[in-house]
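A look at the structure
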Amino acid sequence: MQGGYVYVIVHEAWPDWCKVGFTRREPKQRLREYQTYSPYNYNIFHVVYFDNASLAEKRIHGELSSYVVKNKEWFKLPAKIAANIIDGVKEDIDTEG
């Protein structure tokens with residue numbers, strides 16, 4: 001079990017799309033790496049630390065599966081809803097622990 005961050009990345013040109021992923025590095029570092037491969041400017045909308053980030057991301061992606069649009073990490077829904085789902089999974093995992 002390794003800790004890490006589950007994050008929501010957004011771009012102002014696509015307000016109803018967001019990327020949900022995880023990293024074991026600092027989220028801002030992950031954003032910089034992501035920006036390297038894209039001509040667009042993205043922003044971090046939400047970040048939550050999990051003791052088991054891989055498990056958390058799998059649960060979150062499961063809850064978001066009906067919204068997936070690209071590469072299993074892009075979802076067509078407002079970032080606020082994705083953030084609320086992440087927070088709900090965090091609360092569930094914390095009460096299980």
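Up top is the structure these notes are about.
So, here's what we can say about the structure. Computed from a predicted model, the values in this text were never measured in an experiment.

Cut-offs used in this document
- Residues numbered from 1 in each chain as written.
- Predicted model: local features only at pLDDT ≥ 70, side-chain atom pairs only at ≥ 80, totals over all residues.
- Heavy atoms only, no water.
- Buried < 20%, exposed > 50% of the residue type's maximum accessible area, 1.4 Å probe, protein only.
- Helix = DSSP H or I, 4+ residues; strand = E, 2+ residues; numbered from the N terminus.
- Pairing = 2+ DSSP bridges.
- Core = buried A, V, L, I, M, F, W, Y, C linked by side-chain atoms within 4.5 Å.
- Contact = heavy atoms within 4.5 Å.
- Axes fitted to C-alpha atoms, helices over the stretch in contact; angles between N-to-C directions.

1. Observations regarding the pairing of strand β2 (residues 17-23)
- Within β2, five of the seven residues are buried, which leaves the element mostly enclosed by the surrounding structure.
- Pairing between strand β1 (residues 4-10) and β2: five bridges, direction antiparallel. Bridge pairing in β2 links Ile-9 to Lys-19.
- Once β1 ends, the chain turns through six residues before running back antiparallel as β2.

2. Topic: the nonpolar core
- In this structure, Val-8, Cys-18, Val-20, Phe-50, Ile-60 and Ile-86 are the most contacted members of the largest nonpolar core, which totals 19 residues.
- Among the secondary structure elements, those contributing two or more residues to this core are β1, β2, β3 (43-50), α2 (53-63) and α3 (79-96).
- A total of six residues in this core trace back to one element, the largest contributor, which is α3.
- Residues within four places of Cys-18 in sequence aside, it is in contact with Val-8, Ile-9, Val-10, Glu-73, Trp-74, Phe-75, Leu-77, Ala-79 and Ala-82.
- Counting residues in each nonpolar core, the second largest holds six residues, with Leu-31, Tyr-34, Tyr-42 and Trp-74 among its members.

3. A word on the environment of Glu-63
- Relative to the assigned elements, Glu-63 resides in helix α2.
- For Glu-63, a relative accessible area of 44% translates into the label partly exposed.
- Distance from Glu-63 to Val-89, taken between C-alpha atoms, is 9.2 Å for residues 26 residues apart in sequence.

4. Thoughts on the sheet that holds β1
- Read from one edge to the other, the open sheet built from five strands follows the order β3-β1-β2-β5-β4, with strand pairing classed as antiparallel. Two strands in the sheet have a free side with no partner beyond their single neighbour: β3 and β4 (68-70). Each strand of the sheet is rotated relative to its neighbour by a mean of 30°, with strand direction disregarded.
- Sheet strands in contact with α2 are β1, β2, β3 and β5 (74-76), and its direction is about 155° off that of β2.

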